[in-house]
Amino acid sequence: MNRDRAHVAVIGAGVAGLTAADALAGWGAHVSLFEKTPFLGGHAVQLNCKATDACVKCGACMAEDKLRRAVRHPNVEIHTGTQIEAVSGRTPYQISYCSHSPLVNADRCNGCGICFTKCPVPGAIMQGRAPRVGPYVAIRRDLCRFFDNAACSLCREACPTGAIVLSDRAQSGTMRADAIFVATGFTPYNPSDKPYGYGRFPNVITSLDAERLLREHTVMKRPSDGRPAGRIAFVQCVGSRDAQLGHPWCSKICCGSSLRMARLIQSRQKDAQITFFYIDVQTFGKDFQSFYQNARENISMIRAIPGDVVRTDADELEVIYFDPETHASTESVFDVVVLSVGLLPAGDNERMARMLEWAADESGFLPRHGSDRQPAPAGIFSGGSVTGPMAIADSISSAEKAVFDMVRYLTAS
Ligand SMILES: Cc1cc2nc3c(=O)[nH]c(=O)nc-3n(C[C@H](O)[C@H](O)[C@H](O)COP(=O)(O)OP(=O)(O)OC[C@H]3O[C@@H](n4cnc5c(N)ncnc54)[C@H](O)[C@@H]3O)c2cc1C
């Protein structure tokens, strides 16, 4: 097939999907990039750069770079707020999709943030990256009270530029795809069922919450009262390496990500005392090993996974664990507890696999591209963390490898 006649669909606009979209468009294909949320960049663009006095190779900047390249490419057509409804036929595939608007007019929104202060439902208004206009705001219709019998329109009334629309007509469309790249990523583990008080104690947060708080405030503050947190605990392997949950895998990125975050906090809050509860530290790559040696000198490392977290009368968090040195049950008190949550298969992997006449593997991830055990149907490719937990750099290289094979496939067909 001639490259300028090839039409490809990329599903998921995280760093893997953006990498594939840019590379395929660079080769000459017409790319339709489908993203179910109103935002681009997936999880990776929600992360902070962890550099202190030097780069610590966290990978966050790579995601920004991929996003900029994909949105600027004229061969990439972006569909945000879009779900794939059906995939039919065999190569070429016929894809049916349905798009919703973000309910906020990005050209009018001046980013003043008044809507966030007026909204009574936490999380109903979100901020992220849009296709062409950079940071912008969108409203989740599943949480917004306007869509529950028009019970609330406080944000629309308060918006000084009339950017909030609160009316939406879904738009359906179809396209022909000579090949499909699936990059629908992972779901972070929700630790509400663990005995750590997540969802009940505001100062127990996940690692993703910690990323957001650090971006908002620069320093780590206690969500309950906004005071800087002096004593911070990180609890590793929450939701991964957990046979009882049926998640025996290591999520690979959590040790590195949490230790880098701990050092970033210490560089901004000189008096912050950090304790790291872990099973064993997974250090991938030679650069990380020396970073880890350095981090150990400033962080209290305890090889134990806490059994419980209790809120005290003074609104502190008491972490109860079995001390490996004294062999006794021990309590330590913290201002904030960060749960390093594992990376799980994306919620709609099974639906996606069924649509593509494929199958998820026994853990729920989609098979790795090129898997002999569960080969993909002709013209279907996968990459990034939809195939298993992986870091940003690995998600990029897995997408690049899949694109290489996609190009060979398209050229031969
Ligand atoms: C707390 C935390 C800290 C981390 N820290 C680091 C770090 O320091 N360094 C590092 O290298 N990595 C880190 N990671 C891992 C990093 O986030 C991943 O490597 C990266 O996000 C993987 O990108 P992806 O594109 O495969 O998936 P995702 O980022 O999950 O993107 C998938 C995209 O697909 C979209 N999507 C899902 N389903 C559909 C559908 N049906 N239709 C259309 N779109 C869909 C999603 O909305 C999303 O935008 C961290 C992860 C977490 C949770």
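Just so it is clear, the model here is predicted, and its values are computed rather than measured.

A. Region of interest: the side chain of Gln 236. Along the polypeptide, Gln 236 turns up in strand 12 (residues 231–238). Side-chain polar atoms of Gln 236 contact the side chain of Ser 258, separated by 3.3 Å. For Gln 236, the residues in contact, after removing those within four places along its chain, are Cys 254, Cys 255, Ser 258, Phe 276, Phe 277, Tyr 278, Ile 305 and Ser 340.

B. Fine view of the pairing of strand 15 (residues 308–311). Summarising the sheet, strand 15 and strand 16 (residues 317–323) pair through four bridges and their orientation is antiparallel. Bridging from a neighbouring strand, Val 309 pairs with Val 319 of strand 16. In this antiparallel pair of consecutive strands, strand 15 and strand 16, the connection spans five residues, and Asp 315 shows a positive phi of 55 degrees.

C. Layout of the sheet that holds strand 5 (residues 93–99). Reading across the sheet, the three strands line up as 4-5-8 and stay open at both edges, with antiparallel pairing between neighbours. At either end of the open sheet lies a strand with only one pairing partner, and these are strand 4 (82–88) and strand 8 (171–177). The average undirected angle you get between the axes of adjacent strands in this sheet is 25 degrees.

D. Representation of the site of the ligand. Taken together, 33 residues surround the ligand, and among them Glu 35, Cys 58, Ser 385, Met 390 and Ile 392 come closest. Within the side chain of Ser 257, one N or O atom sits 2.9 Å away from a nitrogen atom of the ligand. At 3.5 Å from an oxygen atom of the ligand is found a side-chain nitrogen or oxygen belonging to Ser 395. With the chains in place, 96% of the 1000 Å² that the ligand exposes on its own is no longer accessible. Within the residue set of the shell around the ligand, elements represented by two or more residues are helix 1 (15–27), helix 5 (207–217), helix 6 (254–268) and helix 9 (392–412). In terms of residue class, the shell around the ligand is built from 16 nonpolar, 13 polar and four charged. Of the domains in this structure, domain 1 (3–100 + 170–185 + 346–412) and domain 2 (189–342) are the two that each give at least three residues to the shell around the ligand.

Thresholds, definitions, all that
Residues numbered from 1 in each chain as written. Predicted model: local features only at pLDDT ≥ 70, side-chain atom pairs only at ≥ 80, totals over all residues. Heavy atoms only, no water. Helix = DSSP H or I, 4+ residues; strand = E, 2+ residues; numbered from the N terminus. Polar contact = N/O pair within 3.5 Å; in protein donor to acceptor, adjacent residues only side chain to side chain. Contact = heavy atoms within 4.5 Å. Pairing = 2+ DSSP bridges. Axes fitted to C-alpha atoms, helices over the stretch in contact; angles between N-to-C directions. Near = heavy atom within 4 Å. Areas by Shrake-Rupley, 256 points an atom, 1.4 Å probe, with all protein chains shown as cover. Nonpolar A, V, L, I, M, F, W, Y, C, P; charged D, E, K, R; others polar. Domains from an automatic or database assignment.

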